[in-house]
Amino acid sequence: MAVIEQTVPVVAVGVCGPDIQRFRSGFALTSLGHELVGRHPDNGALVAIRPLRPCRRCPMCRRGWTEQCADDAGIGRHDTGRGGFSGSVQVTIEQLYRVPADVDVALATLTDPLACVVHATRSMVMDGLDVLVIGDGPMAALAAVRARQKNAWQVTIAVKSAERIERLSIFADRVITVGSVESNRYDVVVEAVGGISSEPISIAAAAVAPLGQVVALGVYRPQATADLSVRRLLEKESILRGSKAYRVNEGQDDFAAALEVLSNHQADFAPIIATCCALPPDVPQSFATNRPHTLKVVYTFR
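Residues numbered from 1 in each chain as written. Predicted model: local features only at pLDDT ≥ 70, side-chain atom pairs only at ≥ 80, totals over all residues. Heavy atoms only, no water.

Peer 1: What am I meant to see in the overall build of the chain here?
Peer 2: The helix and strand inventory of the chain stands at 11 helices and 13 strands. Taking 2.2 N^0.38 as the reference for a compact globule, 302 residues should give roughly 19 Å; the C-alpha atoms of the chain span a radius of gyration of 19 Å, in line with that estimate. Taken along the three principal axes of its C-alpha coordinates, the chain extends 55 × 45 × 40 Å. When contacts within the chain are restricted to residue pairs at least 6 apart in sequence, those whose partners lie at least 24 apart make up 71%. Carbon and sulfur atoms form 51% of the exposed surface of the chain, whose accessible area is close to 13900 Å². The chain carries 31 positive and 31 negative side-chain charges, and their two centres are separated by 3 Å. (Helix = DSSP H or I, 4+ residues; strand = E, 2+ residues; numbered from the N terminus. Rg over C-alpha atoms; globule rule 2.2 N^0.38 Å. Contact = heavy atoms within 4.5 Å. Areas by Shrake-Rupley, 256 points an atom, 1.4 Å probe, with all protein chains shown as cover. Lys, Arg positive; Asp, Glu negative; His and termini not counted. Charge placed at Lys NZ, Arg CZ, Asp CG, Glu CD.)

Peer 1: How should I be thinking about unusual backbone geometry in this particular structure?
Peer 2: Most peptide bonds take the trans configuration, and most residues that are not glycine carry a negative phi. You will see that Leu-211, though not glycine, has its phi angle at about 65 degrees, which is positive. Summarising the element assignment, Leu-211 is placed in strand 10 (residues 208-216). Here Ala-245, not a glycine, exhibits a phi torsion of approximately 50 degrees, which is positive. Residue placement: Ala-245 occurs in the loop between strand 11 (239-242) and helix 9 (254-264).

Peer 1: It is not clear to me how the environment of Ile-176 should be interpreted in this structure. Could you clarify?
Peer 2: Along the chain, Ile-176 falls in strand 8 (residues 174-177). Between the C-alpha atoms of Ile-176 and Ser-161, which are 15 residues apart in sequence, the distance is 8.5 Å. What Ile-176 contacts, discounting residues up to four positions off in sequence, is Thr-156, Ile-157, Ala-158, Val-159, Val-181 and Tyr-186.

Peer 1: Whenever I open this one, the packing of helix 4 (residues 111-121) against helix 5 (residues 138-149) confuses me. Can you help?
Peer 2: When two helices pack together, their arrangement is given by the angle between their axes and by how far apart the axes lie. The N-to-C vectors of helix 4 and helix 5 enclose an angle of 50 degrees; their axes lie 10 Å apart at closest approach. Taken together, the axes of helix 4 and helix 5 are oblique relative to one another. The handedness of the crossing between helix 4 and helix 5 comes out as right-handed. Two secondary-structure elements touch here, helix 4 through Pro-113, Leu-114, Cys-116, Val-117, Val-118 and Thr-121 and helix 5 through Met-139, Leu-142, Ala-143 and Arg-146. Its residues placed into classes, the contact of helix 4 with helix 5 shows eight nonpolar, one polar and one charged. (Axes fitted to C-alpha atoms, helices over the stretch in contact; angles between N-to-C directions. Parallel < 35°, antiparallel > 145°, perpendicular 65-115°, else oblique. Left-handed = near helix turned anticlockwise from the far one by under 90°. Nonpolar A, V, L, I, M, F, W, Y, C, P; charged D, E, K, R; others polar.)

Peer 1: Can you help me understand the sheet that holds strand 7 (residues 154-159) in this one?
Peer 2: Within a sheet, neighbouring strands are paired by backbone hydrogen bonds and run either parallel or antiparallel to one another. Spatially, six strands are ordered 8-7-6-9-10-11 in an open sheet, and the strand pairing comes out parallel. A strand with exactly one partner marks an edge of an open sheet, and here the two such strands are strand 8 and strand 11. Adjacent strand axes in the sheet meet at a mean angle of 20 degrees, parallel and antiparallel pairs treated alike. Alignment of strand 6 (residues 130-134) against strand 7, held across five bridges, turns out to be parallel. Opposite Ile-134, over in strand 7, you have Ala-158 as the bridge partner. (Pairing = 2+ DSSP bridges.)

Peer 1: I'm lost on the pattern of salt bridges in this one. Help?
Peer 2: Any two side chains of opposite charge can pair, so long as their charged atoms come close to each other. Applying the stated criterion across every chain, the model contains 13 salt bridges. One salt bridge connects Arg-247 with Glu-67, and the closest N-O pair in it is separated by 2.6 Å. Of this pair, Arg-247 sits in the loop between strand 11 and helix 9 while Glu-67 is found in the loop between helix 2 (59-62) and strand 4 (88-91), placing the two residues 180 residues apart along the sequence. Classification of Arg-247 by relative accessible area gives buried; the value is 18%. (Salt bridge = Lys/Arg side-chain N within 4 Å of Asp/Glu carboxyl O. Buried < 20%, exposed > 50% of the residue type's maximum accessible area, 1.4 Å probe, protein only.)

Listed below in structure tokens is the structure:
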């Protein structure tokens, strides 16, 4: 059966790390942008736009593991000029989720990254546990907020350097530098850095307590490798696993769950939006500039 696409105008788009990496690698700005809020083509209602569009036909999709779909026609992944920064996107109706009337447009752009956190932590018990989040960007903040909501005993965020402590302090019980992370202490470790270096995942593997869990949420480049102490993990009986995007099937829709969490806990997530402004003419320069002291930046279309 033919897939019916509709054109949805974009109202707001959040900037994430992979957007910046792709722009610097040569992608057109119009190809980027997947953390989106738009207007429903039929009634004009505000909708959070799910960028993932699994094929629903492959073996992974048929098992319900849509995050593993190799043929996902996701928005903002390829240099096609059809990302959120183009001003409109082509989607199916199932990719549109109504934004509750009391949820701010900028806040609703967090639905996609929060869905990744919801998926990564869905089966993890944190109640009464000591949780470490490694990272100093929006994903780390989202993971820390979610750990608090899951009743963690203590949430610690480990950041790269001391000047980044202040911007994360509101989201955790304490914020330390990665050089201060204790080995064998934390019941749950969420690695939310990714990138090129294997240092974050190595720190996570060392920090996890015996019988604890590590989930790698950060997006690493394909060539990244890690030199881990396998013996240490085996002797600690720790679990180390990855997490890719999020799942959307009949029994589990992580995107819908994330939007509900945002709606119910708006005050927890609102500080993650550092800047929300109209799309400026010099937005390419904004992408080319590193923003080490900023959390989430959201652009709106006039």
